[in-house]
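What the coordinates show
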Amino acid sequence: MLKLINIKKSYQENNISSHKREFNVLSGVNLSVKKGDITSIVGSSGSGKSTILNIMGLLDNFNSGKMLIDGNETSSLNTSEKSKFRNKYLGFVFQANHLIPELTAIQNISIPLLISNIPKKEAENRAKETILKVLNKEEYKYSERIFNARPSKLSGGQCQRISLARAIVNHPKIILADEPTGALDKKTSSKVMDLLFDLNTQIGSALIIVTHAMDVADSATNKLILENGILSERK
Amino acid sequence: MNNILLWRYISFKIINIQYTISILIGFSIGISSIIIVSLLLNAYISFTENKLLGITPNITLDVSDLDYQSIEDEITEISNISGINIVNKAIYIQGNAIIGGVISGSAKNPSDTDVFIKGVEILSFKEKYINKKNILTTINYEQIKSDYSDIFSDNFLNEFNNDIILLRSKYNTLLENKFIDKYHLILDRTVTQSLAVDFEKNIPITSNISSLSYKINNRVIIDRKLATRLFYAPLNSGDEIVIKFNNLFQNNKKLPFDRNISHVFKTAGLINAEKENNGIILTSISSIKKIFPNSKVNVIEISIYNQYDLDVVVNKIKQLNYKFKISTWKEDRSGIFAILSSLDLLVFIVSVLILSITSFSLYSTLHITISEQRKTICFLKSVGVNNKSILFWFLGYGLFISIVSILLSILLSLLIINSSSLINNDAILDLFSHINYSILYSKETFLKILFIVFIIIVSTIIPSYKASTLNPATALKED
C-alpha cells in the first residue's frame, strides 16, 4: 500500500555566522505498510515525525529516495496530480481537528467528497452515514442536531470524531494521523483511538499514527521509533 | 467543475461577508465618484465651450473700410459655415448706441446706457430643428402647440402667425422662446439645455435648416437684467423702446443741431444672457443693416458647424484675397481652452488616486481574509484542492467584486445625478443639465472599465497567489 525506500530529507539552516548548514531530518527511512496495518511512529520532539508524515501525505518533498503509494511512484507527480492523489488515497487526522468553523458537521465532512466530484446531495447523505459511525449511543438520539451543528457547538471529543469521519468519508487507502489525541483528555483520547482503530478495520485502510502518547503507540500492530533520522522497530 | 461546486459550497462561509460588503461599498463609491466627476467634467467642458462659443464667433474678420456686403456674399458660399453676423463694433466701443426711452410699457425713468447692438438671424418656423448630437428628427408641431398653449394665446406670437419663435444666432446658438410668468423669456440654448433635452426626448424633431427666410425688423431681444437695470422694471413683450445712434454713424453726415438718430424697436423677448453677454441687444440682421451703413461695419463674425473644420474654413477665407485680418477663437481663447484640456489630466490623476485607494483596500481585505483562513486553505489543500483552484477562487472573488462594484457604481452615479434636482442651486442644475450620458457608452468608458477590472485583478492576484502557494505542512502544524 505504502512503501518508503531510503527517504532522505534535510533542511538548510542559517547559523549565527550566517553560514548555511545542512540539517538532516531523515537519513534514509524505509517503511512498508500493508492494507489493514496499524503503524505507530514515536520519537522525541524535532526527530522528524511530522516531516515523515507530511512526506507520506504528499504535503512535503524529500531529497532522495523513493515513495510508492498503491504501486505508484510519487516523485514523478506534479502538484495537481498530488492533490488528486491526496483526495483519492489519503485521509488526514490532525491534532487540531481543523474543522472549518463556518461550516456545519455535514458540510465539513462533505468537502473531500465534493472535491472528488460527488454531487452535493449524495455527498451530504454519505456524510450523514459517516457521522452516524462516529456517534455514541447517547448522541444517536440527537444526531440531527449534530449533523447541523457548527464546530463551536460541539465538544472537543465530538469535533475530533467528526474529523475522523471526514478522514474516512472518502474511503482512503491510507489514514495519516498526526497526534490525533494530543488535544484530548485521557478518557476521551482512548475512546477516539478505539473508534479510529474500529473505523480503520471497517474500511480496510492502512493507519499510520505519529504520536507522543505511548499508550496510543502501544496499541498499534507495527510499533516504530524515529531516532537520528532512522526509522526502526520499537522494542 | 468540482472546484466550482466546492467554491459555491464554502465561499460565502469562508469569505468574510462584512469585509466583502465594505469593499463593495468602497469600490462602488470610488468608481461612482470617477463616473460622476467624468460626467460633470465633460458637462462642464461642454457647458463652458457652449458659453465661449455660443455667442463668441469662431472666426472674426476685420473688414474696416471694405465692402462687407460682397465679402459676406462670398463667405456665405463656403459650405462649412453655419452663420455670419455683421457687427459694428464701433457702437460698443464708442458707446453710440443708447437706449434712450420707452414709448410704451411699464418702465419709468429710463436711463441712457451704452449697449452693444448685434444683428442675428431671427428664425420663425413650424418645422424647426434642434441640432444636437447631430440628430435630426421631425418636430411634432401640434404637440409643442399644446404643450405651450399659453405661448400661442399671446398677442406677440399672433403677429408671427402663431409660429414658435426661435432665434438662432449665427454662432450655433439656438435661442428658444419660453413663457415664464407673463414675459417672453427667450433663452440662449446654452441656458435652456433642459428645454432642449425635453424637446429631444419627447418630441420627434426633423429639420429643414434651409428655411431661414423669415425676417423680423425693428424687434429686439434684451437681456432681462439689462432691461431691469435700464428701466427699473422688467419690460413686457411688445413694449417699444428707443435706441439712439450718434449722427456720426449716419454716413458721416452731421444732422442739424447735433441730433441723434433714433430708432424705435419693439421688444420681442427677454433673454437670460448670463454675464458675458448681458450688455448685448439682439436684433435682426436686416434691421442692423439698415441702421449701420456699409462703411461703418468693421467686423464680420462667422460661426462654423464643426470646430474641426476651423482651419479649412480659415484657408478658404484667405483664398478670397481680401485684405482683412482673420482671428479665430482658438487664438482668442487659447488660454481658457488649454485650461479646459488640462482638466482632463486632473480628472485622470484624481481617478488614479481613487482607484489606488480602493485597490489597496481590496488588497488588504483579501490579505486579511487569507490570513484568517490560512488553515482552512491549507486543510483544503490537504484534502485535494489544488493550487490552481485556490488561485482562481480568489481571482474569481476579485472579479466578482469588480463586476458587482461597477454595476453598483453605475446605479449609484445615476441615482446621485438624477437626485440633482434636490439641489437648490441654479448654476449646479444648469451644469447637471449639460451631462451627456452617451459618454457612458463610449469606447473611452469601455477602456476605463477594462482598466478598473485590470487594477482590481492586479490587486487580487498577489494575495491570491500567496494563498495558492501556502504550505499546508507548516500551517497545519501551527497550533
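Throughout this document, residue positions are counted from 1 along each chain, in the order its sequence is written. To label them, take the chains in the order written and letter them from A, then take the ligands in the order written and number them from 1. Restriction of local features to residues with pLDDT of at least 70 applies here, the model being predicted, together with a cutoff of 80 or more for giving and counting side-chain atom pairs; totals for whole chains, interfaces and linings are based on all residues. Only hydrogens and water are set aside; all other atoms, that is, all heavy atoms of the structure, feed into the side-chain values.

Considering the packing of helix α14 (residues 334–372) of chain B against helix α18 (residues 443–468) of chain B
Residue and element names in this part refer to chain B. Fitting a line to C-alpha atoms yields each axis, with helices limited to the stretch in contact; the angle taken between N-to-C directions then spans 0 to 180 degrees. Helix numbers and strand numbers start at the N terminus; a helix is a DSSP run of H or I with at least 4 residues, a strand a run of E with at least 2. The contact between α14 and α18 brings their axes to 9 Å, and the two run at 25°. Looking at the two axes, α14 sits roughly parallel to α18. The way α14 lies across α18 gives a crossing that is right-handed. Residues L355, S359, L362, Y363, L366, H367 and I370 of α14 touch α18, and the partners they reach there are F451, I452, I455, I456, S459, T460, I462, P463, S464, K466 and A467. Residue classes in the contact of α14 with α18 are distributed as 12 nonpolar, five polar and one charged. Comment on the angle field: the value is read as roughly parallel under 35 degrees, roughly antiparallel over 145, roughly perpendicular from 65 to 115, and oblique elsewhere. Whether a crossing is left-handed or right-handed is set by the direction in which the near helix is turned from the far one by less than a right angle, anticlockwise for left-handed and clockwise for right-handed. Should any heavy atoms of two residues lie within 4.5 Å, those residues are counted as being in contact. Note on residue categories: nonpolar means Ala, Val, Leu, Ile, Met, Phe, Trp, Tyr, Cys or Pro, charged means Asp, Glu, Lys or Arg, and polar means any other residue, Gly included.

A few points about the interface of chain A and chain B
In this complex, chain A contributes 29 residues to the contact, which on the side of chain B involves 26 residues. Simply put, the buried area is the total loss of 1.4 Å probe accessible area from both parts when two parts are fitted together. When residues of chain A are sorted by the area they lose upon contact with chain B, H98, L114 and I115 of chain A head the list and together hold 24% of the total. A side-chain nitrogen of Lys or Arg and a carboxyl oxygen of Asp or Glu constitute a salt bridge if their distance falls within 4 Å. Connecting chain A to chain B are zero salt bridges. Counting only elements with at least two residues in the side of chain A that touches chain B, the list comes to α1 (49–56), α2 (79–89), α3 (105–115) and α4 (120–134) of chain A.

Here's the deal with the packing of aromatic side chains
Residues and elements named next belong to chain A. Between rings of Phe, Tyr and Trp, where Trp is taken as its six-membered ring, a pair exists when centres lie within 6.5 Å; planes separated by under 30 degrees are stacked, by over 60 edge-to-face, and by other angles tilted. Scanning all chains against the criterion turns up three aromatic pairs over all chains. A centroid spacing of 5.6 Å and a plane angle of 0° characterise the contact between F92 and F94, whose relative ring orientation is stacked. For the pair formed by F92 and F94, the shared burial category is buried. We count a charge as sitting over a ring when the NZ of a lysine or the CZ of an arginine lies within 6 Å of the ring centre and within 35 degrees of the ring normal. Its end group placed over the ring of Y142, R145 keeps NZ or CZ at 4.8 Å from the ring centre. Summary of the burial criterion: residues with accessible area below 20% of their type's maximum are buried, those above 50% are exposed, and those between are partly exposed, where the area comes from a 1.4 Å probe applied to protein chains only.

Remarks on the nonpolar core
Among buried residues, those of type Ala, Val, Leu, Ile, Met, Phe, Trp, Tyr and Cys that are joined through side-chain atoms within 4.5 Å constitute a nonpolar core. Ranked by internal contacts, the top residues of the largest apolar core, which has 76 residues, are M56 and M67 of chain A. With 11 residues, helix α2 (residues 17–54) of chain B is the single largest residue contributor to this core. Every residue in contact with M67 of chain A, bar those within four places of it in the chain, is listed here: L2, K3, L4, I7, I55, M56, L58, F62, N72, E73 and T74 of chain A.

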